[in-house]
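Coordinates in review
Take a look at the letters that make up each chain.
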Amino acid sequence: MATTRAQRRRRSVVVTIVVVVVLLAILFARDINRSAHQSSSPRRSENKSFAALANVLITQENQFDQRLSYLLDNGSGLSRVDFGARLAQLDGQLLTWLNEGQQLTSPVLAHHVNVTLATLTTERVGDYQALLSRIAATLRLPWQASTLLDTGLSTARAQASLVTTSDTWNIARWSLVKEPGRVTMPETSDGVGTLDLGSVLDVLEHSGTLAVTRAITISAVLVSPASLPAPSGELLFPPAREIRLGVTVTNRGYVLQPVTMTFTFQQTNGAKTVQSQTMSTTLGPLSSFAFVPKLLVTTAGERATLSINVSGAPLETNLTSSRHYLVIVSPSGNT
């Protein structure tokens, strides 16, 4: 049956509506796709930037692990000064890690992977600090950690934590593999965490080149007024009412060394009075310190003995040093 003009008009309207709906659907889908692409672009940039920074940090941590492992395995042939310097260089890197880790915490990425890395890095800094402090204490090296963390970890717990944090990160490093940018980060090594540290420290402790050698000496004695020419062991002064002393003591060992200085000035004629004083300090490695005691009161024509004794090293090393002088004060021209 032939269609009427009204039917053809209705069919044309329907077709037109369908075409318009399809076109609108296509445009809507394109806008959604464009919007999704635009929203993922910043995330892609953030993920790639994080991966680049994380790569730098983890590379530093792995190099640190390798260097510390090598030092522990091969340090028995080094001198105390060289070993201590290398240990201090390693310690100096830990504070940098803390700063770099904190910079990665914002913005928060998918699965909080950047926060995880910062947290694990802080834990590893504490672990390494505990181990470095233990190594320095075992070898009695002068030591002050560069970081402010005070974990109080034992050696065993610090090593176990290094292994645990490494395992945790080696899972977390895949967190962005399906996110925009599709990035992965390198794994962390745990060479120090798996060392037999007890045996390694025992070898280092019994190394001849790393053994503590204590040596304290009186390196200089200055007097004021200046003494006049006199035989060795004598101090000849012009008439004076007081004498000022300055005594420099040198620590020739690479170790912190407590030192006690005792001055005794005993008159041998006249009233035979005794003046004495004791002073103490702790000398840093290979450093010197000047003791300046109270003024010694003297009289014209006086004769006395001056004894200067420095001690502080363990008794078995016999490192007490001393100087003894016969002091003569010239008579006054009025007598």
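Residues numbered from 1 in each chain as written. Predicted model: local features only at pLDDT ≥ 70, side-chain atom pairs only at ≥ 80, totals over all residues. Heavy atoms only, no water.

1. As for the sheet that holds strand 5 (residues 274-283)
The five strands lie next to each other as 2-9-8-4-5, forming an open sheet whose pairing is mixed. Each end of this open sheet is capped by a strand with a single partner; those strands are strand 2 (234-237) and strand 5. Here the average twist between neighbouring strands, direction ignored, is 20°. The pairing of strand 2 with strand 9 (residues 321-329) spans four bridges and is parallel. The residue bridging Leu236 from the neighbouring strand is Ile328, located in strand 9. (Pairing = 2+ DSSP bridges. Helix = DSSP H or I, 4+ residues; strand = E, 2+ residues; numbered from the N terminus. Axes fitted to C-alpha atoms, helices over the stretch in contact; angles between N-to-C directions.)

2. Side note on the packing of helix 2 (residues 80-103) against helix 3 (residues 113-138)
Where helix 2 meets helix 3, the axes come as close as 9 Å, and the angle between the chain directions of the two elements is 165°. Looking at the two axes, helix 2 sits roughly antiparallel to helix 3. The two elements helix 2 and helix 3 cross, and the hand of that crossing is left-handed. For the pair formed by helix 2 and helix 3, the contact residues are Phe83, Leu87, Asp91, Leu94, Trp97, Leu98, Gly101 and Gln102 on the first element and Ala118, Thr121, Thr122, Val125, Tyr128, Gln129, Leu132, Ile135 and Ala136 on the second. Within the contact of helix 2 with helix 3, the residues separate by chemical class into eleven nonpolar, five polar and one charged. (Parallel < 35°, antiparallel > 145°, perpendicular 65-115°, else oblique. Left-handed = near helix turned anticlockwise from the far one by under 90°. Contact = heavy atoms within 4.5 Å. Nonpolar A, V, L, I, M, F, W, Y, C, P; charged D, E, K, R; others polar.)

3. Re unusual backbone geometry
In this structure, Pro107 follows Ser106 across a cis peptide bond, with omega equal to -5°. With respect to the helices, strands and loops of the structure, Pro107 is situated in the loop between helix 2 and helix 3. Put simply, Ser224 and Pro225 share a cis peptide bond, and its omega is 5°. Locating Pro225 in the fold gives a position in the loop between strand 1 (216-224) and strand 2. Here the phi dihedral of Lys272 falls at roughly 55°; this positive angle occurs in a residue that is not glycine. Mapped onto the elements, Lys272 comes out in the loop between strand 4 (257-267) and strand 5. A positive phi angle, close to 55°, is found at Leu286, a residue other than glycine. Relative to the elements of secondary structure, Leu286 occurs in the loop between strand 5 and strand 6 (288-291).

Shape is all these values report; function is a separate question.
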